[in-house]
Amino acid sequence: MKAKKLLFVEPPRHYWFVMGEYCPPPTTLVILAAYVEREIPNLEIEILDCQAEKMSWDGLEKYIESTNPSIVLTSGFTCNAYTCVKTSEIAKKVNEDIITIVGGIHFSSIPEESLNDFPEIDYIIRGEGEQTLVEYIKSLNNGKKVDKVKGLSFKHKGKIIHTPPRPFIKNLDSLPYPAYHLIEDYIKEYHFSMMAGKNTRYMVLEGARGCEYRCSFCTQWNHWGGMWRTKSIKRIADEIEYLNENFGGVFLWFTDDHTKLQVRGKKLYNELKHRKCKEDVMLFFQARTDDVVKHPDIIKKLREVGTYWIMCGVENHSKEILEEYKKGTNTPDAYKAMKVLNENDVFSHAMFVIGSRKDTHESIEQLRQFSIDLRPDFAIYTALTPFPGTIYFETAKKKGWIDDLNYSNYDMAHAIMPTETLTRKEVQEELWKCYQNFYGSYRRNIAGIFSKNKLKRTLYRHMAGQHVLSKFRRLI
Ligand code: B12
Ligand code: SF4
């Protein structure tokens, strides 16, 4: 069989209630589709975004029936991996001959388990997807055996085959621009109400892949081979300009897990400062607290070229817990980082994790107090989640700590494990108390709702309007 038509599907999904109402572009799919489009020009390629189309599972089935693709492809991480399985199941129901392919961190981390549990998945593309996907299609279309393609997992005569891992792409600038042109009809739908307002166009772009740190709860470093690769600064600035000028992208969220201000911050400022788009865009980055602290001057400069929002993984106040997480940061840096962001009018977003084995009612209470003392504009509390592919997952599995094996709950809002002294239910309750403590404060809410800062006003109205607290309460 030859592949003539590829259908990339962003399935119907639940959004993450903590961050309210949003519709994200299917970033992974536009990145993959662009590469295939360039490398195999005669292929018909389509991206169906069920979220933007507001299409149900029934609608998806009818769509697949009417378009008859040769291959259906989906991407997902742990909490939404089931939507990839369901999409593959529907494709097979419509036509058994449709080839189903999935990829991403979750499936790459547990290919064996996934192929055993879900016979509707034909292939898992592990790790970096672009080259493996193209080689797979070329092999298929040239009648060659696919077992020579690196980075694939599949079942053959009842046996699971994992081909050797694929080396990573050396130069990320060699990747084409994401194929937003394939989803042009949907573009007006992409927004992130809480972060930028319903009418501000939200797009996601990639400046780098991977991370050199080794946090025990994080999947990213492992997925990307424990290294950090960046596009050139010129290329990053060109992409910002491209999305802004061609597709009206304004709120631009960088996927980069480790921004590395030290290496790229100043250069990015120099590259953007002469470009007109800097006045129109709102850039969102993730940064480590130690990186922010070392470079207050760069934060100031990046603010001048459109950086509105920086998210820092503060994680915890306790030295022992930070060590357990192998985070390599400390609390003095957390205080300084929030101060640097606040002083430079960059919206400060701090992430916290509760539920370490050593956590007690008292230690979580201390974390709550710490998170208030830090004075971030926005605090998000999460439950320690043993994502497949993390060091934590392996340990937790071995020691029998995992209480909830339903991956659709692995969204960091559900408690998955107890601690040494708290039950899972108590961890869930503590999580609710964290939000209650930060967002239930009458004084802070009034100050937030009437803040001079537009982002802060939008955020506090969202927290009140979306009933985030009561949604957390319901999880207990
Ligand atoms: C942008 C983003 C979001 C956005 C929008 C995401 C979206 N479009 O749905 C928002 C803010 C909404 C979001 C929400 C959440 N997110 Co998020 N998010 C990201 C982020 C920063 C970028 C994703 C991205 O586009 N990456 C770029 C692409 C190119 O990388 P990629 O998907 O891995 O794809 C490559 C390969 O993996 C492979 N591949 C992947 N899929 C496929 C499919 C096929 C067919 C093939 C061939 C290949 C292939 O090829 C690609 C190119 O090489 C990632 C971190 C990261 N850097 O990836 C976190 C991340 C995916 N999010 C994460 C989490 C936990 C969440 C939330 C639960 C909330 C939270 N606590 O942060 C919610 C869940 C939402 C939901 N219910 O679905 C975790 C997932 C961990 C895990 N193992 O499950 C990540 C990894 C962050 C982290 N550091 O841990 N997220
Ligand atoms: S949590 Fe952040 S710093 Fe730690 S490994 Fe993951 S991406 Fe890197």
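Residues numbered from 1 in each chain as written. Chains lettered and ligands numbered in written order. Predicted model: local features only at pLDDT ≥ 70, side-chain atom pairs only at ≥ 80, totals over all residues.

Focus on the sheet that holds strand β16 (residues 347-354)
The sheet built from six strands is open, its strands ordered β10-β13-β14-β15-β16-β17 with parallel pairing. Taken across any chain shown, the strands that pair with only one partner, and hence form the sheet edges, are β10 (202-205) and β17 (378-383). Geometrically, the sheet is characterised by an average inter-axis angle of 20 degrees between neighbouring strands, direction not taken into account. Here strand β15 (residues 307-315) pairs with β16 via six bridges, running parallel. Note on β16: the bridge partner recorded for Ile310 is Ser348. The strands touched by helix α15 (residues 331-343) within the sheet are β15 and β16, with β16 carrying the most contacts at an inclination of about 155 degrees. (Pairing = 2+ DSSP bridges. Helix = DSSP H or I, 4+ residues; strand = E, 2+ residues; numbered from the N terminus. Axes fitted to C-alpha atoms, helices over the stretch in contact; angles between N-to-C directions. Contact = placed C-beta atoms within 7 Å.)

A look at the site of ligand 2
Neighbouring residues of ligand 2: Cys211, Tyr213, Arg214, Cys215, Cys218, Gln220, Trp221, Asp257, His258, Arg288 and Gly313. Residue composition of the shell around ligand 2, grouped by class: five nonpolar, three polar and three charged. (Near = placed C-beta within 6 Å. Nonpolar A, V, L, I, M, F, W, Y, C, P; charged D, E, K, R; others polar.)

So, the domain arrangement of the protein
Per the domain assignment, the segments of the protein are domain 1 (5-162) and domain 2 (190-474). When each unit is reduced to the centre of its C-alpha atoms, the spacing between domain 1 and domain 2 is 28 Å. Of the residues lining the interface, 22 residues belong to domain 1; the matching set on domain 2 comes to 25 residues. Where the side of domain 1 that touches domain 2 is concerned, the elements lending two or more residues are β2 (22-23), α1 (27-39), α4 (81-94) and α5 (105-109). For the side of domain 1 that touches domain 2, the element with the highest residue contribution is α5, accounting for four residues. For the side of domain 1 that touches domain 2, the residue count by class is 14 nonpolar, seven polar and one charged. (Domains from an automatic or database assignment.)

Notes on the sheet that holds strand β8 (residues 159-162)
With mixed pairing, seven strands are arranged side by side in an open sheet as β3-β1-β4-β5-β6-β7-β8. Pairing within the sheet leaves two strands with one partner each, and these edge strands are β3 (44-49) and β8. With direction set aside, neighbouring strand axes in the sheet form an average angle of 20 degrees. With five bridges joining them, strand β4 (residues 71-75) and strand β5 (residues 99-103) adopt parallel strand pairing. Across the sheet, residue Ser75 finds its bridge partner in β5, namely Gly103. Contacts between α1 and the sheet are confined to β1 (5-10), β3 and β4, with β3 contributing the most and set at about 175 degrees to the helix.

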